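Descriptive structure summary
Each chain, written out:
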Amino acid sequence: MTGRVLLLFVSLVAAAAAPAHGQVVAQRLRDDVPAVSRLLPVGLTRGITTELDLTGERLEGIDRIVGPPGVTVERVVNVEAKQARLAVRVAGDALPGIYACYFLAKNGLSNPKLLRIDAWPQVIEHEDNNRQSEATPLAVPCGASGTLTAADQDWFRFEASAGQRLVFDVLAQRLGSPLRPLLTLFDATGRELEQQMTAPRDIAPDNRLAYTFRESGTYYLRLRDLTYSGADFAVYQLRVGQIAFASAMFPLGGRRGAKTPVTFSGAGLSQPIVHEVDLTAGPAWQTTRLQAPLGDDVLIAPALFAAGDLPEATEAEPNDLPEQAQPLELPITANGRIDRPGDRDVFRFHAAAGGKLQIAVAAQQLGSPLDAVATVSDASGKELLALDDRQPTPREPPSVRVIETPPIDDPLGEFTAAVEGDYFLTIEDRFGKGGSEYGYRLEISAAAGDFQLVVQPADAQVARPTQQRNGRVQATYSGAGSGSLSLDRGGVGSLLVRAFRQGYNGPIELTVEGLPPGAHAAPTAILAGQNEATISLNTDFDAPSGAGMVRVTGGTPAEGSTPGMRRLALQPIVFASLPVNGGLQRNMSEVAVGISRQGAPLAIQAALIGKVLPGGTVKAQLLAQRREGYTGKIDVKFLSLPAELSAPAVEISAEQTATEVELTATGDLKPGRHRLTVEATLRVAGGKEPIVALFPLEFEALPLATLELAAQQMDLPLGGKATVVVKVERNMTDPAAIELTLAGLPKGVAAAATTIEPGVERFELTLTAGDGASASPIRRIVQVKPRLKTAGRWADLPTLRFALRLRAN
């Protein structure tokens, strides 16, 4: 397997933290899988079959589309190395919207491309249509797919009636294209009627133009790139019709486990629309872009919607003055809006002396134009804290800015009350602006940690540069070859997961869901204090070819009354970039993992036969598979072995596909989970480099015996006896006596028998409170330290503990 190093640009947006602008991670990716640089049309009509043209590299064998719900390949029209045509059908009930799609071929899964499922008829612009006289005709309402190369411009012709209002919406960046579209509307004489120079805030740098026609007749629309930049992969979809769009939404989030009604208003809506967001399933995502069904179309939200864990409240006017302050019961997330210029929102909360609170405002990071400023004052009006633009969350190198990105001007800080009492928090816009779109989410809670996760696919090796120069990174890169993970039958791969911590430094257990049949993921966690982990994936030798949309989540354990956190890992994908227009990317909630129709050039799998015990031996069965035409002996060795475990190097002869090897453990091998790597090397005659295959093997080392106390607490009366039952499970084939040593016994307390004879599975540990013992309401922790003798040496077993209280009769 060969590879190349590519740069992926990350701009991660979350509800309660500054985004990771320009994060760059280099990863090693396969270059023998399909790479799609362009697909046309980018708009598909539901309920019909459309021929989809693909351009790229290594397209042989493509026969399946993966990702968009309800889209299937009816037949393969033509497939060559650099071009393919597929007849794809969209189900009649498919929800309109933008979806990522991948293509599965013999060699694996392609990179993703974005397309839009539409309810309207679609056309494809055909060159030459660079002049008004050559305009492509449109039957409104409809969608048109096209490509803008350098210095290109596309003209369209349509009919409109007097008084008719039409919306012209160009989807480019939203479809992973680098274009910055410029729309100009003309009448039949060539007179310019309207030009949309400034891209609307909610879709920038895409463009949208709305116009009400005074007279019936023929009209023309010209579409070009703002700077006449373009490329063969610079695609777009132009939608013309009565398109609903909103400029404002409220609230900007809701609580997990509940349903939240969201109101869309403004811009192209004649009246507000209410859409209910169901969060009862407790989604792991922190933010998402809502799509509300609207007739035969969808309404795309103008801002991001956040999912929170705290109780929610809604800001209520009038609350401009301290005497009008809205009371908040902490912890809380308050959804508010600076709904007019000069408006300010005042809240009142109670804080205990010395209590440390975190105050966070989410506005611009969710797409609101609000440049929020927050101040905290006491009851006398004295200002105690002023919060403005938050500092970016620290990121590990390598980190660069891909394109010039404005800062997120959202306040974040901590407040500690000097004395117990009521305090006042005021939110306003720095420049005194306001309006229906100036929403925010205010979170006040005990200072606590959080984290975000980023996941990226790679092969078994992940290459990371040791140093990254500062500055802007630009590329003329169409995104081919990245964004998905392809595994051969019997092959391995990995998912690199990085944690961006904001105060939480504990362990993060990683969960993988949605793997295709025949693929397996090793249990993995990001350890306390660490910031990344690699999830190892492997496939069965006979795994069926297929694909799955995989979700990776990270969870934390609950502590007392504090519930654990669960966060979804986002995969940042670069779809396209141009030197002038900059890099464009989307954060995907799933990773596409595909299994090819071919076996790996070399595959190795291993399994331990029997128990792994301190001082013992265990056999490992090795299974190997060579792709057809690959012959020769295979050298196998074990990497990353614990120091207390050893294994000899072994070979699988050219005539064999399996062998066994014996691993030996010292008596100091610690019980628990361990991981090692099996490395197989095949040298093929005539090959320049040997073929290397890796297989991650996890195993659990067991203690020689496992003891368990039937009770964790014991009351012992003065002058009396108490018994706690010890359950014994022996893992040794030759059981030995187990001696118990008790530490922490109160004065005057003694144990009777402390030896568990061989073969005993239930032992009673009896304690007696004799002379010198005294009653106490406090429970003392008593440690039970077991050990046994094997092979002439003592081996310690895991320590047991119980709480003992001496009481009077």
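Located above this text is the structure these notes cover.
These remarks concern the structure in this document.

How each quantity is defined
- Residues numbered from 1 in each chain as written.
- Predicted model: local features only at pLDDT ≥ 70, side-chain atom pairs only at ≥ 80, totals over all residues.
- Heavy atoms only, no water.
- Pairing = 2+ DSSP bridges.
- Helix = DSSP H or I, 4+ residues; strand = E, 2+ residues; numbered from the N terminus.
- Axes fitted to C-alpha atoms, helices over the stretch in contact; angles between N-to-C directions.
- Phe/Tyr/Trp six-rings, centres within 6.5 Å; stacked < 30°, edge-to-face > 60°.
- Lys NZ or Arg CZ within 6 Å of the ring centre and 35° of its normal.
- Buried < 20%, exposed > 50% of the residue type's maximum accessible area, 1.4 Å probe, protein only.
- Polar contact = N/O pair within 3.5 Å; in protein donor to acceptor, adjacent residues only side chain to side chain.
- Contact = heavy atoms within 4.5 Å.

Description of the sheet that holds strand β14 (residues 142–147)
Within the open sheet, the 5 strands sit side by side as β12-β14-β21-β16-β19. Their pairing is mixed. Of all strands in the sheet, those with a lone pairing partner are β12 (122–124) and β19 (207–212), marking the two edges. Adjacent strand axes in the sheet meet at a mean angle of 15 degrees, parallel and antiparallel pairs treated alike. Bridge count for β12 against β14 is 3 bridges, and the pairing is parallel. The residue of β14 that forms the bridge with Gln122 is Gly143.

Some points on the sheet that holds strand β61 (residues 721–730)
Overall, antiparallel pairing links the 4 strands, which are arranged β59-β61-β65-β63 in an open sheet. Single-partner strands in this sheet number two, and they are β59 (705–709) and β63 (749–751). This sheet shows a mean twist of 25 degrees between the axes of neighbouring strands, independent of strand direction. Looking at chain direction, β61 and strand β65 (residues 762–769) are connected through 7 bridges and run antiparallel. Bridging across to β65, Val726 finds its partner in Phe763.

Observations regarding the packing of aromatic side chains
Per the stated rule, a full pass over the model turns up 10 aromatic pairs. Every member of this aromatic cluster is reached through a ring pair, and the members are Phe158, Phe168, Tyr211, Phe213 and Tyr219. It is Arg787 that lies over the ring of Trp794; its NZ or CZ is 3.9 Å from the centre.

A short note on the side chain of Asp206
Of note, Asp206 is situated in the loop between β18 (192–196) and β19. Judged by its relative accessible area of 0%, Asp206 is buried. Polar contacts involving the side chain of Asp206 include one to the main-chain amide nitrogen of Ala172, which spans 3.1 Å. Polar contacts involving the side chain of Asp206 include one to the side chain of Arg174, which spans 2.7 Å. When neighbours within four sequence positions are excluded, Asp206 is seen to be in contact with Val170, Leu171, Ala172, Gln173, Arg174, Leu179, Pro181, Ala199 and Pro200.

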